[in-house]
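Here is what each chain is made of, one letter per residue.
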Amino acid sequence: MTAQSEQTSPAGADRRYDVVVVGGGAAGLSGALTLARARRSVLVIDAGRPRNAPAGHVHNYLTRDGVPPARLLEEGRAEVAGYGGEFVTGEVVTAERLDAGGFRVVLADGSAVTADRLLVTTGLVDELPAVPGVAERWGRDVLHCPYCHGWEVRDQAIGVLATGPSSVHQAELWRQWSKDVTLFLHTAAEPDADAAERLAARDITVVRGEVTGLEVTGDRLTGVRLAGGRVIGREALVVAPRFTARAGVLTGLGLETTDLLKGEQVVGGYIAVDPSGATRVPGVWAAGNVADPTEQVIGAAAAGLRAGAAINADLIDEETRRAVAGRRAPSSARTEREAAEHPLGDHPPMSGEEFWDARYGESERIWSGNANVILVREVSGMAPGDALDLGCGEGADAIWLARRGWRVTAADISGVALDRAAREAERAGVAGRVDWQRHDLGTSFPAGTFDLVSAHFLHSMTDMPREEILRTAASAVAPGGILLVVGHAGPPPWEHDHSHVRLPTTDEVLRELRLPEGGWEVLLSEEYERSQTAPGGHAVTRQDNVLKVRRLPL
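The present account deals with the structure reproduced in this document. Note that the structure is predicted; figures quoted are calculated from it, not measured.

## Things to note about the side chain of Asn 312
Stage number 1. With respect to the helices, strands and loops of the structure, Asn 312 is situated in helix H7 (residues 297–341).
Stage number 2. Contacts of Asn 312, omitting those with residues within four sequence positions, involve Leu 35, Ala 38 and Arg 40.

Right, here's the structure in full:
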């Protein structure tokens, strides 16, 4: 694990991840590794309280048998980080579905992060019998799983603390590892005739009376103390915990635990999932002990892998649907425009408002929900003031600015996008700092002057007087303020015919702005590369450009 991968609060609080993994045990790390290797952006949030922390070693994990739990997690985190996975140390208190799609995860320190999908691997809590000394010796010589610890206490004097009907079976099971097994009835009922015969046949001693404590000598268990003071020498004590799923984070999503039964006895609870780990809430998966309390470490890791692969497949399906819709929308727009240019056409031309409302109406979310990287890079050091965001879309840039203290006017032609952005601002707690305005910028423009005017990817498949809009934008910049124009420098690799949209260079944009000589200075004019996911789901590189100019003070 690199130092850069570890955070104490989500540095990506304004970034939307493909997947947030809640819980950093074997299941969570395995799922995160699978997703990171699939080139997904993954954040693992871990409270740092693994269930197996008291144990000295992990067993039955092929090629890793005997590894200390902490080392397994450390090496697992390093592997995930090596593929770009990120980590936050903290406790998730709630998760909520966003109206625009995806989820918002809130941590105990009040920070939050959003994601398209959730993988919950929070494990469980072992609720131990209320016998003095049991909790203190847990995972050392107070045990529950013979496959985890049986070999280590083979041939020793083993006691089994009865807490229910399954305790007879538990004693028979541990008899495989030692001939010296004693069943302490404690508060359980007397075995019936059949059970008593089975115990006697295997030479398992039955001791009646309530257990009141443990005897420990030199930091080793040496005996079990009964009411009245009698001590029976034992080197290990087996108990049956109640397995309580750490599922509180899921209650806000409407997921409740299902009782785990052993016979007719409730021995715990779990979150019901299908074989891939999917819960009944779309977009939410669970893996490991939170979904299967009896699973061992290697099984939890396998469940994490299955869930990670299922999540990636689900994301690919969604991205493909959006790509198909996006491919159809520009084609439709071109067809309408061409029809308008020919008198024999049967259809009226599609307006910019109609086009973009249809585009945003294709799914619950079109863009990533993340602020544009150039805006973040170029504006982070500026003192907050008044900002104008042109073509704000679903509002990620405007919300990012508002969170940093800016008063934002955000304009877009699409009412669908503006409604979605306003809801997101409400959830982000910045609704009072953003004025959402609907404008066809070719015919109307927000009033006022601004310390920052931002226009990111102000391109359209429909007719739009971009040069005139940008000149109006420049006139709206206050003295000392910044105009930031970011655009595509070329078409996407998967679209060969992009002649219907003009993509000017920064030099061309600067000339078309017609800025008064001596009144402005150019701070930045460059092309840059960025990664983007193509319709087929693979990563491609795109060329974009940025022009940053400053209006000189009066």
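## So, the sheet that holds strand S13 (residues 211–217)
Stage number 1. Read across the open sheet, the three strands follow the order S13-S14-S15; overall the sheet is antiparallel. Two strands bound the open sheet, and with one partner strand each, they are S13 and strand S15 (231–233). Looking at each pair of strands side by side, their axes are set apart by 30° on average, direction ignored.

## Observations concerning the pattern of salt bridges
Stage number 1. Applying the stated criterion across every chain, the model contains 25 salt bridges.
Stage number 2. Residue Arg 51 pairs with Asp 126 through a salt bridge whose shortest N-O separation is 2.8 Å. Remark: Asp 126 occurs in strand S8 (residues 124–127) and Arg 51 occurs in the loop between strand S3 (42–46) and helix H2 (69–82); sequence separation between them is 75 residues.
Stage number 3. Residue Asp 386 is joined to Arg 407 by a salt bridge in which the shortest nitrogen-to-oxygen separation is 2.7 Å.

## A word on the environment of Trp 367
Stage number 1. Looking at the secondary structure, you find Trp 367 in the loop between helix H8 (352–360) and helix H9 (373–379).
Stage number 2. Residue class for Trp 367 comes out partly exposed when judged on its relative accessible area of 44%.
Stage number 3. On a C-alpha basis, the gap between Trp 367 and Gly 395 in space is 9.7 Å, while along the polypeptide they are 28 residues apart.
Stage number 4. Discounting residues that sit within four places of it in the chain, Trp 367 has contacts with Arg 359, Tyr 360 and Glu 394.

## As for the packing of helix H12 (residues 466–475) against helix H13 (residues 506–513)
Stage number 1. One way to put it is that H12 packs onto H13 with a least axis distance of 9 Å and a crossing angle of 65°. Our classification of the angle between H12 and H13 gives roughly perpendicular. Like other packed secondary-structure pairs, H12 and H13 cross with a definite hand, here right-handed. Where H12 abuts H13, its residues Arg 466, Glu 467, Leu 470, Arg 471 and Ala 474 lie against Val 509, Glu 512 and Leu 513.
Stage number 2. Of the residues that constitute the contact of H12 with H13, the class distribution is four nonpolar, no polar and four charged.

## Observations regarding the packing of helix H1 (residues 26–37) against H2
Stage number 1. At their nearest, the axes of H1 and H2 sit 9 Å apart, and the two run at 20° to each other. As far as their axial angle goes, H2 and H1 are roughly parallel. For the pair H1 and H2, the crossing hand works out as left-handed. Contacts from Ala 26, Leu 29, Ala 32, Leu 33 and Ala 36 in H1 reach Leu 73, Gly 76, Arg 77, Glu 79 and Val 80 in H2.
Stage number 2. Among the residues forming the contact of H1 with H2, the class breakdown is seven nonpolar, one polar and two charged.

## Some details on the pairing of strand S19 (residues 265–270)
Stage number 1. Judged from the five bridges that link them, strand S18 (residues 258–262) and S19 form a sheet pairing that is antiparallel. If you follow Asp 259 over to S19, its bridge partner there is Gly 269.
Stage number 2. In textbook terms, the turn of a hairpin is the stretch between consecutive antiparallel strands, and for S18 and S19 this stretch comprises two residues, one of which, Gly 263, has a positive phi near 70°.

## Re the nonpolar core
Stage number 1. One finds Val 379, Leu 401, Val 408, Trp 436, Leu 452 and Leu 484 to be the most contacted residues of the largest nonpolar core, which totals 28 residues.
Stage number 2. Put simply, the parts of the chain that give this core at least two residues each are H9, helix H10 (396–403), strand S22 (407–412), helix H11 (415–428), strand S23 (434–438), strand S25 (477–488) and strand S26 (520–533).
Stage number 3. With five residues, the single largest contributor to this core is H10.
Stage number 4. Discounting residues that sit within four places of it in the chain, Leu 401 has contacts with Leu 375, Val 379, Ala 387, Trp 406, Val 408 and Leu 452.
Stage number 5. Judged by nonpolar contacts, the second largest core, of 27 residues, contains Leu 107, Val 113, Ala 247 and Val 284.

## Quick notes on the pairing of strand S14 (residues 220–226)
Stage number 1. Bridge analysis of S13 against S14 gives six bridges, and the strand direction is antiparallel. Paired with Val 216 across the strands is Leu 221, a residue of S14.
Stage number 2. Turn length for the S13-S14 hairpin, with the two strands adjacent in sequence and antiparallel, is two residues, and the turn residue Gly 218 shows positive phi of about 60°.
Stage number 3. Pairing geometry for S14 and S15, over three bridges, is antiparallel. Note that in S15 the partner of Arg 225 across the bridge is Val 231.
Stage number 4. Adjacent in sequence and paired antiparallel, S14 and S15 are bridged by four residues, among which Gly 228 carries a positive phi angle near 100°.

Definitions and limits used
- Residues numbered from 1 in each chain as written.
- Predicted model: local features only at pLDDT ≥ 70, side-chain atom pairs only at ≥ 80, totals over all residues.
- Heavy atoms only, no water.
- Helix = DSSP H or I, 4+ residues; strand = E, 2+ residues; numbered from the N terminus.
- Contact = heavy atoms within 4.5 Å.
- Pairing = 2+ DSSP bridges.
- Axes fitted to C-alpha atoms, helices over the stretch in contact; angles between N-to-C directions.
- Salt bridge = Lys/Arg side-chain N within 4 Å of Asp/Glu carboxyl O.
- Buried < 20%, exposed > 50% of the residue type's maximum accessible area, 1.4 Å probe, protein only.
- Parallel < 35°, antiparallel > 145°, perpendicular 65-115°, else oblique.
- Left-handed = near helix turned anticlockwise from the far one by under 90°.
- Nonpolar A, V, L, I, M, F, W, Y, C, P; charged D, E, K, R; others polar.
- Core = buried A, V, L, I, M, F, W, Y, C linked by side-chain atoms within 4.5 Å.

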